[in-house]
Amino acid sequence: MLIYSLSIIGVSVFAISGALAAGYKSYDWIGVFAIAFVTAIGGGTLRDILLNTPTIFWVMDPSYLWTVFISAVVILIYARYFQAPHNLLLYADAFGLALFSISGAQIAEQYSSSSIVIVLMGVITGTVGGVMRDVLTHETPLLFSPKENLYSSAAIIGIVGYLCCKSLEIGGDLASLFGIALILLVRISAIIWKIRLPAFSPR
Amino acid sequence: MLIYSLSIIGVSVFAISGALAAGYKSYDWIGVFAIAFVTAIGGGTLRDILLNTPTIFWVMDPSYLWTVFISAVVILIYARYFQAPHNLLLYADAFGLALFSISGAQIAEQYSSSSIVIVLMGVITGTVGGVMRDVLTHETPLLFSPKENLYSSAAIIGIVGYLCCKSLEIGGDLASLFGIALILLVRISAIIWKIRLPAFSPR
Amino acid sequence: MLIYSLSIIGVSVFAISGALAAGYKSYDWIGVFAIAFVTAIGGGTLRDILLNTPTIFWVMDPSYLWTVFISAVVILIYARYFQAPHNLLLYADAFGLALFSISGAQIAEQYSSSSIVIVLMGVITGTVGGVMRDVLTHETPLLFSPKENLYSSAAIIGIVGYLCCKSLEIGGDLASLFGIALILLVRISAIIWKIRLPAFSPR
């Protein structure tokens, strides 16, 4: 129940980040809704397609779609009158990343026992929505930019931490909490101290 | 049989719009075929993947692929000698949008009873091919631009109208025709009187 | 076993081409890994999704993922100190294209008897990874550019040759080798003599 509520909050945060990105490109209302949907549910959708789950999560439970819809309506109204709370959003987004990455890894564990598959599915769940947002708003995906502070790296570190816990026979719930906390810690430290991966410049 | 013929015409119209878009970017023949395929069958393909249907519509019935192929060959030859009939195409495209949106919603009804899922699948079927065309020809997706007259909004209005008819116990065929007519009416009015959604400009 | 070893080499070559493309855009390490994965396994993944195979090839056999990972690590280290061997890569890429296209067509034959479906799936397997690489590195897809020497055309010619062999009752192994050789021959001739498809310029 806690996990479910948290994931609804994560969807809402990602929907708002997508809606604002569309707004900064002066897309119209439909564009705002479209980018909000893609950002919020794109990662989990790709994970479910790649794992070939019987039913995609938001077809199974349309509450996720209503959450995106309502979040986009609220931010459409709010941002007409007030400045969007960018700093708050940045931390909320770190929370969404942490939650989606670990929950994506957990779903992947039901379909594969390969650690590289589980890590990849977790990272996809946490980050692909943002990549789709950037492609659709015609931006270089921020994820791949050396100007971005550790983002998918934070997800990878957290998922690996989660898998280590489990291999040490630490219970699933405790391992999840450890993974989520680790992602938050790495991402927020990276934002504060501007920790970045080096760019790759081949000769 | 009527529906099948109409959907073949819809595929053909979308293939031609894709082929011309590739031509305006001076893509080569293969690029023209690729964009024609993506534009014509991209929306229905994504719908089938998201609904996890047992077989994608054009693997089940390859006539759709041949229709795209022949349409692209014809336009490649035609456009060497004659001006493409842009106004005709604009109205033909409205027809394709109307038909694909309602038929997509009908297919979704077999997999979900949630109205938001049905509306979303209808809109995806009608519009995603065009978004993929714009991404692959490296254009800002026209769909999201405030310079575009009501397009996906027309699809949404029509699908909601179709669902309202059905909830009033109006038969499926009549409801479909109503939905298709409503999309055509809204889209063509929007073209004629330049009706647009406002852009979203967050502070 | 030979086919399996060859396809591992094909994945490695495509991973290296993706990693270098990301490097030329100064993406960070994560970007390099992400583009390497997408380029190497994107085509086969889309084929498996479109055919709705029970399990995607790299979830079934994660060796493909480890191959991408190790290839990207090696090129990250190598390219710091040495110039990347572009000419060698160009020919290695032709080899990957040939192998992926024919193996993709063979997998499609298990799901459809339609020649247009088989050709399309073969071309998708061979070329879509490269298109995704170009979209994610924000480049006009090279595949569609009239500046590119015959690429997907080579794949189409080879797959059609393979299907002709099979319809002449030539055994599957011999037909595959013929198809692979034909793609290599067309692609390498096109590189050497700069053979290109004409651009389409509609009025």
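The paragraphs below set out a description of the structure included in this document. Computed from a predicted structure; not experimentally measured.

Below, the discussion takes up the relation of the copies chain B and chain A. With an axial shift of 0.0 Å and an RMSD of 0.0 Å, the rotation relating chain B to chain A amounts to 120°. Taken together, the rotation and translation describe the operation of a three-fold axis. Of the interface residues in chain B, just 13% have counterparts in chain A that sit at the interface too, so the contact is made through distinct surfaces.

Our focus in this paragraph is the interface of chain C and chain A. With 36 residues of chain C at the interface, the matching set in chain A holds 30 residues. Together chain C and chain A conceal approximately 2,700 Å² of surface at their shared face, both sides included; 71% is due to carbon and sulfur atoms. Per-residue buried area on chain C facing chain A is highest for C:Asp28, C:Ile30 and C:His138; these three make up 20% of the total on that side. Where chain C touches chain A, the interface holds zero salt bridges.

Before going further, it helps to examine the interface of chain B and chain A. If you look at the interface, chain B gives 30 residues, while chain A gives 36 residues. When chain B packs against chain A, the two sides together hide about 2,700 Å² of surface, and 71% of this comes from carbon and sulfur. Summed over the shared surface of chain B and chain A, the number is zero salt bridges. Inspection of the chain B/chain A interface yields two residue pairs in polar contact (both at pLDDT 80 or more). For the side of chain B that touches chain A, the secondary structure elements donating two or more residues are α2 (29–51), α6 (115–136) and α7 (152–167) of chain B. Ranked by residue count, the leading element in the side of chain B that touches chain A is α6(B), at seven residues. Within the side of chain B that touches chain A, the residues separate by chemical class into 18 nonpolar, ten polar and two charged.

A few words on the relation of the copies chain C and chain A. For these two chains of identical sequence, chain C goes onto chain A by a turn of 120° and a shift of 0.0 Å along the axis, with RMSD 0.0 Å. A distinct binding surface is used by each copy, with only 11% of the interface residues of chain C retained as interface residues in chain A.

A few words on the side chain of C:Thr53. With respect to the secondary-structure elements, C:Thr53 resides in the loop between α2 (29–51) and α3 (57–60). The contact partners of C:Thr53, leaving out residues within four places of it in the chain, are A:Asn52, C:Asp48 and C:Tyr111.

The next subject is the pattern of salt bridges. Under the defined criterion, the tally for this structure stands at nine salt bridges over all chains. A salt bridge links A:Asp134 to A:Arg133; the nearest nitrogen and oxygen atoms lie 3.3 Å apart. Summarising the burial analysis for this pair, A:Asp134 and A:Arg133 share the class buried. Two residues, B:Asp48 and B:Arg47, come together in a salt bridge whose shortest N-O distance is 3.0 Å. Comparing B:Asp48 with B:Arg47, the two get one shared label, buried.

Attention now goes to the packing of helix α5 (residues 86–109) of chain C against helix α7 (residues 152–167) of chain C. Residues and elements named next belong to chain C. At a minimum axis distance of 10 Å, the contact between α5 and α7 shows a crossing angle of 45°. Of the possible angle classes, the one that applies to α5 and α7 is oblique. With respect to the hand of their crossing, α5 and α7 are arranged in right-handed fashion. Along its contact with α5, which presents Leu97, Ser101, Ile102, Ala105, Gln106 and Glu109, the element α7 presents Ala155, Gly158, Ile159, Tyr162, Leu163 and Lys166. Here the residues of the contact of α5 with α7 are counted per class, giving seven nonpolar, three polar and two charged.

Parameters and conventions
- Residues numbered from 1 in each chain as written.
- Chains lettered and ligands numbered in written order.
- Predicted model: local features only at pLDDT ≥ 70, side-chain atom pairs only at ≥ 80, totals over all residues.
- Heavy atoms only, no water.
- Least-squares fit on C-alpha atoms with pLDDT ≥ 70 in both.
- Contact = heavy atoms within 4.5 Å.
- Buried area = accessible area lost by both parts, 1.4 Å probe.
- Salt bridge = Lys/Arg side-chain N within 4 Å of Asp/Glu carboxyl O.
- Polar contact = N/O pair within 3.5 Å; in protein donor to acceptor, adjacent residues only side chain to side chain.
- Helix = DSSP H or I, 4+ residues; strand = E, 2+ residues; numbered from the N terminus.
- Nonpolar A, V, L, I, M, F, W, Y, C, P; charged D, E, K, R; others polar.
- Buried < 20%, exposed > 50% of the residue type's maximum accessible area, 1.4 Å probe, protein only.
- Axes fitted to C-alpha atoms, helices over the stretch in contact; angles between N-to-C directions.
- Parallel < 35°, antiparallel > 145°, perpendicular 65-115°, else oblique.
- Left-handed = near helix turned anticlockwise from the far one by under 90°.

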